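Overview (structure and organization)
Each chain, letter by letter, is given below.
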Amino acid sequence: MFSRAIVCRTIVSLPSRIPINRHLNQLKWKLDYCTKPPGEGPPSVRRLWKLLFGRYLLATNTVTSGLLMLVGDLAAQKIEQRQENAPPDSSYNGRRVFNMTLVGLSQGPLHHYLYKWMDVLLPGASVRTVFKKIGIDQVVISPIFIITYMYSAGLLEGASVAACTDELRHKYWTIYLADWLVWPPTQFINFYLLSPKYRVLYINGITMLYNVFLCYIKHNDDLVALVTGNPATEEKPPTNPSHR
């Protein structure tokens, strides 16, 4: 009997002559098999898995969103320290990490319910349905997340609503352009190959890397100026809230 690891490895060894639809269907089956609760091991592990991705799926999605936003901000701060030639033992801005974690926690439920709504609106996983979902995600959901991210992060850092609005105008198109480069292929895998209960967890895993970009854009204007050709706004939320 083949082990799960062997089955997962066959994903990368499918014959190239298989038609694309059959190829994708087999890949979908294999990924679904790989993400099933462990068939072996202590019953407590299987029970915990079913609880995390069943009854407590909302809590799982919320906590993982917060933790991965935390990791993203730590990575962004480390990049900033290296660019500024800071000493290797430089400390992190704990208040900023805390604020970004709260932002991540607020994004978790939004992801959870929006994806659930989308699956009800467009059931199934045909290629046509998947592309419709990607369109809704980019045209409707992506702007919602950008706006809520910029306002929640700015307000937590002590900025006024007007300052958050100015910063949103200044940085919106840079973030939205990056969204179009990153999320359509990412969401194709999400909507076509994965079970709905793993959607937010998968997105959070990709977002852990994307959050480095978000946190960097949120607290720095140099990349925005490079993309837009516009100078930084005069009023923006403080980078270090402890200096208010």
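The structure under discussion appears in the preceding block.
Okay, so let's go over this structure. (Residues numbered from 1 in each chain as written. Predicted model: local features only at pLDDT ≥ 70, side-chain atom pairs only at ≥ 80, totals over all residues. Heavy atoms only, no water.)

Attention now moves to the overall build of the chain. Along the backbone of the chain there are nine helices and zero strands. Helices and strands appear in the chain in the N-to-C order α-α-α-α-α-α-α-α-α. Look at the contacts in the chain between residues 6 or more apart in sequence, and 71% of them connect residues 24 or more apart. When the accessible area of the chain is evaluated, it comes to approximately 13,400 Å², of which 67% is carbon and sulfur surface. (Helix = DSSP H or I, 4+ residues; strand = E, 2+ residues; numbered from the N terminus. Contact = heavy atoms within 4.5 Å. Areas by Shrake-Rupley, 256 points an atom, 1.4 Å probe, with all protein chains shown as cover.)

Quick look at the packing of aromatic side chains now. Inspection of every chain in the model, using the stated rule, returns seven aromatic pairs. With 5.8 Å between their ring centres and 45° between their planes, Phe131 and Phe188 make a pair best called tilted. With Phe131 in helix H6 (residues 127–156) and Phe188 in helix H7 (residues 161–193), this residue pair connects regions lying 57 residues apart in the sequence. Seen from their ring centres, Tyr172 and Tyr176 are 5.6 Å apart, and the 20° between their planes marks the pair as stacked. Placement of the pair is Tyr172 and Tyr176 together in helix H7, with a separation of four residues, close to one helical turn. Pairwise contacts between aromatic rings join Tyr172, Trp173, Tyr176 and Trp180 into one cluster. (Phe/Tyr/Trp six-rings, centres within 6.5 Å; stacked < 30°, edge-to-face > 60°.)

The next thing to look at is helix H5 (residues 94–121). Over its 28 residues, H5 extends 41 Å from the first C-alpha to the last, a length consistent with the 40 Å expected when each residue adds 1.5 Å. With a side-chain oxygen positioned 3.2 Å from the backbone nitrogen of Arg95, the residue opening H5 is Asn93. (Expected span 1.5 Å × (residues − 1). Polar contact = N/O pair within 3.5 Å; in protein donor to acceptor, adjacent residues only side chain to side chain.)

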